[in-house]
2 protein chains.
Amino acid sequence: MIIANDLETLQNSLLEIAKNGKKIALVPTMGALHTGHASLITQAKEMTDCVVVSIFVNPTQFGKNEDYSIYPRTFDDDVKLAQQSGAEIIYAPTVEDMYTNGFSTIISVGDMGKILCGKFRPSHFDGVATVVTKLLLRIMPHIAIFGMKDYQQLCVIERLVSDLDIPTEIVGAPIIREEDGLALSSRNRYLSPDERKIAPILYKTLQNTAHNLKSNNVSEILAKGIADLTEAGYKVEYLELCDSFTLAPLAEYEEGSRLLVAAWLGKTRLIDNMSVEENND
Amino acid sequence: MIIANDLETLQNSLLEIAKNGKKIALVPTMGALHTGHASLITQAKEMTDCVVVSIFVNPTQFGKNEDYSIYPRTFDDDVKLAQQSGAEIIYAPTVEDMYTNGFSTIISVGDMGKILCGKFRPSHFDGVATVVTKLLLRIMPHIAIFGMKDYQQLCVIERLVSDLDIPTEIVGAPIIREEDGLALSSRNRYLSPDERKIAPILYKTLQNTAHNLKSNNVSEILAKGIADLTEAGYKVEYLELCDSFTLAPLAEYEEGSRLLVAAWLGKTRLIDNMSVEENND
């Protein structure tokens, strides 16, 4: 297991691997690893010869009043879980290593980054797009795997990788859920025991909404879902039906469309999403 | 000589070259090649084994009322000059090949792209940064050479290549001038015979200004330069003294600073620049 905290150590390790003609996968994370991340690493290992896990809590994707400073940092546990899951290299750069003196370049994917979560977190996806581009170009992996829990993030990254001709295949991996349906997230640990009991209603509402959508008026069904979540104690940012590729909002149900939701439970912001067809998954 | 009009043809040719372990240089151009471009290609050939010249009049770096539609296109002559100068591959993609369906990603280098020319051509450097990133990632050259006539463009590209970790070395090549000092530019062919006679005053004003700067009040000296150009028939956009790396405007002369100018002669916009120390070059 190699732990690289700077670019030079990373690239020296990668040179050795490239020499042997091995195929490399990247699993980009912000640490606070859980079973969802482990599944990404396992899948990456099945598809390639060498898995690099990056651990970097990226300041530029957090808003001013967001949880950057309190975001969970559990480095030692992260290293163990990554190793158990099959990772060979951890890349955990410092902020100074990632953003050198005078750094000023921003990548924006346009409208796709300004809707849904982008409406409530204005420069979030610019921060994501920029740091992921840097990670991909530093590591030049054959594939990079992203969880579908952050579905808009996955779409944004697929868009920018295609638009900028970055030679990496982007793979979306299924959402891993608790037994009661709550999607795994590093932020779940913010939830109080009472909130934790309410939390799975987010998933159940997605299921109900997806089930109803096929035969009913879309805006009414979405309003019903928002009402259900509000009644349970959630403060809803959005619940929308979108094209699963462009994320453009849909006023009518179409095959291949996707439901996406973001809502606050106390001080914790949760997101989830679901393919309307596969609402029983 | 290989002429590739699409990405697949280009990348098949590059694969062959990579197999042989050859070092690749890129000379990005908008065509309408002149002796200045030839010098870039010659220099690229001296530094590497295989020179790719890209010819692409990039629509996204032209403003609405700029000269995109009338920009000179001289493809057959360009191919000849590129070949004579030592290029092995011409990459001349169509707009559709470069910007596929749904393209929406924009790269911006921040303040550096908003000053000087960026003030008068608001999204110009975003267009440049984005297309150059795409060309670099499609071709993955060891080096890419840019003429210093477009000095701000060179700084913008150095910034983004460093910020995004693009694995290409950026090389700036000296300005090539006519005997009377006019910097070579594809746009010089827009000049009428009368304008052509006046044009070299741009260079002479840079020389005079650079000479005076060391011993006098900067704002006065720049104002004098603008007055000289105006009297000669130029409409000046800017004449500024800048840090040669960040391009930040300087109120006082410092070692390593650079003079940059943009001015219109009739319907032709000309730019030029000069290191204050090397004002006799």
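Residues numbered from 1 in each chain as written. Chains lettered and ligands numbered in written order. Predicted model: local features only at pLDDT ≥ 70, side-chain atom pairs only at ≥ 80, totals over all residues.

Mapping chain A onto chain B calls for a screw motion: a turn of 180° about the axis and a shift of 0.0 Å along it, with 0.0 Å RMSD after fitting. The superposition of one copy onto the other is thereby described by a two-fold rotation axis. When C-alpha distances to the rotation axis are compared across chain A, the minimum falls at Ile107(A), with a value of 2.3 Å. Of all interface residues in chain A, 100% are interface residues in chain B too; the two copies therefore contact each other through one and the same surface. (Least-squares fit on C-alpha atoms with pLDDT ≥ 70 in both. Contact = placed C-beta atoms within 7 Å.)

Chain A puts 22 residues into the contact, and the matching count from chain B is 22 residues. Taken together, the elements giving at least two residues each to the side of chain A that touches chain B come down to strand E5 (106-108), helix H6 (124-139) and helix H7 (151-164) of chain A. By residue class, the composition of the side of chain A that touches chain B is nine nonpolar, seven polar and six charged. Note: E5(A) against strand E5 (residues 106-108) of chain B, three bridges, orientation antiparallel. Looking at E5(B), one finds that Ile107(A) is bridged to Ile107(B). (Helix = DSSP H or I, 4+ residues; strand = E, 2+ residues; numbered from the N terminus. Nonpolar A, V, L, I, M, F, W, Y, C, P; charged D, E, K, R; others polar. Pairing = 2+ DSSP bridges.)

Assignment of secondary structure puts Met140(A) in the loop between H6 and strand E6 (143-147). Here the alpha-carbon distance between Met140(A) and Leu26(A), two residues 114 residues apart in the chain, equals 8.6 Å.

This next bit is on the sheet that holds strand E8 (residues 235-243) of chain B. Residues and elements named next belong to chain B. Read from one edge of the open sheet, three strands run E8-E9-E10, paired in antiparallel fashion. For this open sheet the edge positions go to E8 and strand E10 (268-275), each flanked by a neighbour on one side alone. Taking the axes of each pair of neighbouring strands and ignoring which way they run, one obtains an average angle of 10° across the sheet. In terms of strand pairing, strand E9 (residues 257-265) meets E10 through eight bridges, oriented antiparallel. Following the sheet pairing, alanine 262 is matched in E10 by isoleucine 271. (Axes fitted to C-alpha atoms, helices over the stretch in contact; angles between N-to-C directions.)

What follows concerns helix H10 (residues 218-232) of chain A. Residue and element names in this part refer to chain A. The terminal C-alpha atoms of H10 lie 21 Å apart, and with 15 residues this matches the ideal 21 Å at 1.5 Å per residue to within 8%. Buried within H10 we find Ile221, Leu222, Gly225 and Leu229. An end-on view of H10 places all buried positions within 100° of arc, on one side of the element. Across from the buried face of H10, at angles greater than 90 degrees, the exposed residues are Ser219, Glu220, Ala223, Thr230 and Glu231. Count one or two residues on from H10 and you reach glycine 233, which has phi positive near 115°. (Expected span 1.5 Å × (residues − 1). Buried ≥ 20, exposed ≤ 12 C-beta atoms within 10 Å, placed from the backbone. Arc of directions from axis to C-beta.)

All names here are of chain A. By the element assignment, leucine 26 lies in strand E2 (residues 24-29). By the C-beta count within 10 Å, which is 27 here, leucine 26 ends up buried. Along the sequence, leucine 26 and threonine 133 sit 107 residues apart, while their C-alpha atoms lie 12 Å from each other. When residues no more than four places from it in sequence are discounted, the contact partners of leucine 26 are Val52, Ser54, Leu135, Ile139, Pro141 and Ala144.

All names here are of chain B. Pairing is parallel across the open sheet formed by six strands, whose spatial order is E1-E4-E3-E2-E6-E7. The open sheet has two free edges, formed respectively by strand E1 (2-4) and strand E7 (169-173), since each of these has just one partner strand. Neighbouring strand axes in the sheet, compared pairwise and without regard to direction, differ in orientation by 25° on average. The pairing of strand E2 (residues 24-29) with strand E3 (residues 50-55) spans six bridges and is classified as parallel. Along E3, the bridge assignment pairs leucine 26 with valine 52. Against the sheet, helix H6 (residues 124-139) makes contact with E2, E3 and strand E6 (143-147), and its axis sits at roughly 150° relative to E2, the strand it touches most.

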